[in-house]
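Examining the three-dimensional arrangement
Okay, here's what each chain looks like letter by letter:
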Amino acid sequence: NAGVTQTPKFQVLKTGQSMTLQCAQDMNHEYMSWYRQDPGMGLRLIHYSVGAGITDQGEVPNGYNVSRSTTEDFPLRLLSAAPSQTSVYFCASRDGGALSQYFGPGTRLLVL
Amino acid sequence: AQSVAQPEDQVNVAEGNPLTVKCTYSVSGNPYLFWYVQYPNRGLQFLLKYITGDNLVKGSYGFEAEFNKSQTSFHLKKPSALVSDSALYFCAVRDGGGSQGNLIFGKGTKLSVKP
């Protein structure tokens, strides 16, 4: 199993541009989530999904959209990038009954 | 609302000495508690969890954590630190009842182990 994969590893955007961060898992996990990591802030939940076709907002959802058309994929869309969205983004997944989460390697995003 | 606090931004330890990374929590109901480690430029790796049972939980890489209900703490410990233990450590609590919900993370503690 590849586990949780994320692409790209690094991206530079200009303010106002849009992009999609990709996340995929091959473990047939029901739960998937997106976090952002900022210095001194820990990890904050952006959006999550409890299964295909179901998504919900986390702590910091503004400026981000998600969809869950398949069990495997959970892309995160930035509609109009802002410098405040400069961060490291982590995708995570777990089985519905599991207690620990598997994290992807992260995407480092710089918005100029 | 569920929350966790890691009161120390950084912990410095000499190699071979015991280490403790502190975590306190605030939850309604029974806490589901976790420790994760993040090495530079890597994702988070699961270390250990407390769900129920023995208050001393053993995890990966020789780490253990002690659950203390009266002090609402879940401190991470290791009897003898290694330089390779240097990393960022996160305490987390499950948001929601039982196994449901997402993880709420503390702000992280940077552990530095010097030779």
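Described in the following lines is the structure provided in the data block.

Rules behind the numbers
Residues numbered from 1 in each chain as written. Chains lettered and ligands numbered in written order. Predicted model: local features only at pLDDT ≥ 70, side-chain atom pairs only at ≥ 80, totals over all residues. Heavy atoms only, no water. Phe/Tyr/Trp six-rings, centres within 6.5 Å; stacked < 30°, edge-to-face > 60°. Helix = DSSP H or I, 4+ residues; strand = E, 2+ residues; numbered from the N terminus. Buried < 20%, exposed > 50% of the residue type's maximum accessible area, 1.4 Å probe, protein only. Contact = heavy atoms within 4.5 Å. Buried area = accessible area lost by both parts, 1.4 Å probe. Polar contact = N/O pair within 3.5 Å; in protein donor to acceptor, adjacent residues only side chain to side chain. Nonpolar A, V, L, I, M, F, W, Y, C, P; charged D, E, K, R; others polar. Pairing = 2+ DSSP bridges. Patch = residues over 30% accessible without salt bridge, like charges linked within 9 Å, V, L, I, M, F, W, Y side chains within 5 Å. Areas by Shrake-Rupley, 256 points an atom, 1.4 Å probe, with all protein chains shown as cover. Salt bridge = Lys/Arg side-chain N within 4 Å of Asp/Glu carboxyl O. Axes fitted to C-alpha atoms, helices over the stretch in contact; angles between N-to-C directions.

**Quick word on the packing of aromatic side chains**
Within this structure, the stated rule accounts for 12 aromatic pairs over all chains. Seen in terms of ring centroids, Phe103(A) and Tyr36(B) are 5.5 Å apart; in terms of plane orientation they differ by 80°. Their pairing is edge-to-face. Pair noted here: Phe103(A) is in strand E10 (residues 102-103) and Tyr36(B) is in strand E5 (residues 33-38), and the two residues belong to different chains. For the pair Phe103(A) and Tyr36(B), a shared accessibility class is recorded, and that class is buried.

**Here we look at the environment of Thr72(B)**
All names here are of chain B. Relative to the elements of secondary structure, Thr 72 occurs in the loop between strand E8 (64-68) and strand E9 (73-78). On a C-alpha basis, the gap between Thr 72 and Gly 43 in space is 27 Å, while along the polypeptide they are 29 residues apart. With sequence-adjacent residues up to four places away left out, Thr 72 is seen in contact with Cys 23, Thr 24 and Tyr 25.

**Points about the interface of chain B and chain A**
Facing 22 residues of chain B, the contacting portion of chain A comprises 22 residues. Roughly 1,600 Å² of surface becomes buried between chain B and chain A when both sides are summed, with 52% attributable to carbon and sulfur atoms. By the criterion of area lost to chain A, the three top residues of chain B are Leu44(B), Asn102(B) and Phe105(B), representing 30% of everything that side buries. Counting across the chain B and chain A interface gives four residue pairs in polar contact (both at pLDDT 80 or more). Elements with a minimum of two residues in the side of chain B that touches chain A: E5, strand E6 (44-50), strand E10 (87-95) and strand E11 (102-105) of chain B. For the side of chain B that touches chain A, the residue count by class is 10 nonpolar, eight polar and four charged.

**Side note on the pairing of strand E5 (residues 42-51) of chain A**
All names here are of chain A. For E5, the buried fraction is high: nine of the 10 residues fall into the buried class. Strand direction decides the pairing type here: strand E4 (residues 31-38) and E5, joined by seven bridges, are antiparallel. Counted as the bridge partner of Ser 33 is Tyr 48 from E5. The hairpin formed by E4 and E5 contains three residues between the paired strands, and Gly 40 there has a positive phi angle of roughly 75°. Of the pairings in the sheet, the one linking E5 to strand E6 (residues 54-57) comprises three bridges and is antiparallel in character. Looking at the pairing, Tyr 48 lines up with Asp 56 of E6. Linking two consecutive strands that pair antiparallel, namely E5 and E6, is a turn of two residues; a positive phi of about 85° is found at Gly 53 within it.

**Brief notes about a nonpolar patch on the surface**
Judged by side-chain polarity, Phe10(A), Val12(A), Leu110(A) and Leu112(A) come together as a nonpolar surface patch covering roughly 350 Å² of accessible area. With respect to the helices, strands and loops of the structure, Leu112(A) is situated in the segment after strand E11 (107-111).

**Structural notes on unusual backbone geometry**
Along the chain, Thr7(A) connects to Pro8(A) via a cis peptide bond; the corresponding omega equals -5°. With respect to the helices, strands and loops of the structure, Pro8(A) is situated in the loop between strand E1 (4-7) and strand E2 (10-13). Even without glycine at this site, Thr72(B) takes up a positive phi of about 45°.

**Side note on the sheet that holds strand E8 (residues 76-78) of chain A**
Residues and elements named next belong to chain A. In spatial order, the strands read E1-E3-E8-E7; together these four strands make up an open sheet with antiparallel pairing. Where the open sheet ends on each side, the last strands, each with one partner, are E1 and strand E7 (64-66). Strand after strand, the sheet turns through a mean of 20° between neighbouring axes, direction not considered. Taken together, the three bridges between strand E3 (residues 19-25) and E8 define a ladder with antiparallel strand orientation. Bridging from a neighbouring strand, Leu 21 pairs with Leu 76 of E8.

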